[in-house]
Amino acid sequence: MMKKMNLGFVTLLALGTIGAVSAVAITDTNKVQAADDTGASQAGVEFTQQIDPLTITEVPSFHFGSQNVDNSKEMRYQTADSGAGSVTDPITTSKKIIVSDQRLGTNANGWHVQATLGDFTGITPTNKITTAKVALSNPGFTHTGSSTGVNLGGDGSTVEISSAVNTVLEADATMIGETTADFSTSADDVALVIPAGAVPDADTYEANIDWTLTAGPVATP
Amino acid sequence: MIGRMIISIFALLLSFISFRDPPLQAQQTSRVGIEITGIHFPEPTGPSVPDSSIENNPGYYLQPSAQIQSRLPQLNEVDRTAYVTGFGLLISSMSLLLMKRLKEVP
């Protein structure tokens, strides 16, 4: 919307200039000398903030394949390309988080991404896994400029997304533009961790991860 | 004078509150799935079962189950038949041997 307004303003300015030049040309053709042919005009432009300058444009989904669970100990599973979901369509694995920060000047104060994993629910709704975690590690960062201002949350090497609020990414004020965190460097960058005795029955399970992008650094409690 | 100062401070506070935007936030949801085709349940963690093996319980004999007890008469019949047959064969052999000796006596 603002871009269109700015374009219109510039177009009007250009038309005005052309009109002035044309007037001078007509004057020259008619050999009429103006009393004073110098003047001053003004040009201006207004830059405004985008309506949604800070957005999370892509979040990852994971499927961990078909597994025969050993319920006597903690199990760790790697991702599969895709698989069935218990609720709706099949789930296709994607491993990227993309954040776009288009804020201006001093408005940019960094950002952080937090995530919460819900309960896994089976096709039989009473089948629930409540203590599983999704572990993320070793992300590859890309950015329109330097990507040194963004880090993995937690201890910096691994983040476990559980039912609590978990900080996944932290970025400073230099990360203006588009930042991508890609967890596909190695097969173990994403893992599902299921504690011993957590699975009630064989079933097809599905859970949601809620991702929240917030401006500024992580609030200290 | 004091009243003006109080009003000015109050206005300043109001402007600070009204211009202080809440932090920008954006949210998304993604999905996670797994198909569990089978489970190995953990071993029971209660008290251990007493050792009832005969080796570790000398002088103690297990009571046969009702199913085994019902089959015991059949086993005895088999044994009895074997004993009778064996005894009969023994008597027959001894009789034949005795008759042969008696024929040899002049």
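For the structure itself, look to the data block above.
Residues numbered from 1 in each chain as written. Chains lettered and ligands numbered in written order. Predicted model: local features only at pLDDT ≥ 70, side-chain atom pairs only at ≥ 80, totals over all residues. Heavy atoms only, no water.

Help me understand the overall build of chain B, please; the structure alone is not making it clear to me.
Scanning chain B from N- to C-terminus turns up two helices and one strand. Buried residues in chain B amount to 8% of all 106 residues. Counting only carbon and sulfur atoms, one obtains 66% of the accessible surface of chain B, whose full area is about 10,000 Å². (Helix = DSSP H or I, 4+ residues; strand = E, 2+ residues; numbered from the N terminus. Buried < 20%, exposed > 50% of the residue type's maximum accessible area, 1.4 Å probe, protein only. Areas by Shrake-Rupley, 256 points an atom, 1.4 Å probe, with all protein chains shown as cover.)

Explain a nonpolar patch on the surface here, please?
Residue and element names in this part refer to chain B. Side chains of Phe87, Leu90, Ile91 and Met94 sit close together on the surface and give an oily, nonpolar patch of about 420 Å² of accessible area. The residue Leu90 is located in helix 2 (residues 66–104) in this model. The exposure class assigned to Leu90 is partly exposed, which follows from its relative accessible area of 47%. (Patch = residues over 30% accessible without salt bridge, like charges linked within 9 Å, V, L, I, M, F, W, Y side chains within 5 Å. Salt bridge = Lys/Arg side-chain N within 4 Å of Asp/Glu carboxyl O.)

Before we go on, may I ask you to explain the interface of chain A and chain B in this structure?
In many reports, interface size means the accessible area that the parts give up when they come together. Taken together, the contact pairs 52 residues of chain A with 20 residues of chain B. Interface area, chain A with chain B, both sides summed: about 2,900 Å², of which 53% is carbon and sulfur. For the interface between chain A and chain B, the tally reads one salt bridge. Measuring nitrogen to oxygen at the nearest pair gives 2.7 Å for the salt bridge that ties Glu206 of chain A to Arg31 of chain B. Remark: the boundary between chain A and chain B carries 24 residue pairs in polar contact (both at pLDDT 80 or more). Sorting elements by how many residues they give to the side of chain A that touches chain B places strand 17 (residues 203–215) of chain A first, with 13 residues. Across the side of chain A that touches chain B, the residue classes tally to 27 nonpolar, 17 polar and eight charged. Pairing of strand 17 of chain A with strand 1 (residues 25–40) of chain B, which is carried by twelve bridges, proceeds in the antiparallel orientation. Bridging across to strand 1 of chain B, Asp203 of chain A finds its partner in Ile36 of chain B. (Contact = heavy atoms within 4.5 Å. Buried area = accessible area lost by both parts, 1.4 Å probe. Polar contact = N/O pair within 3.5 Å; in protein donor to acceptor, adjacent residues only side chain to side chain. Nonpolar A, V, L, I, M, F, W, Y, C, P; charged D, E, K, R; others polar. Pairing = 2+ DSSP bridges.)

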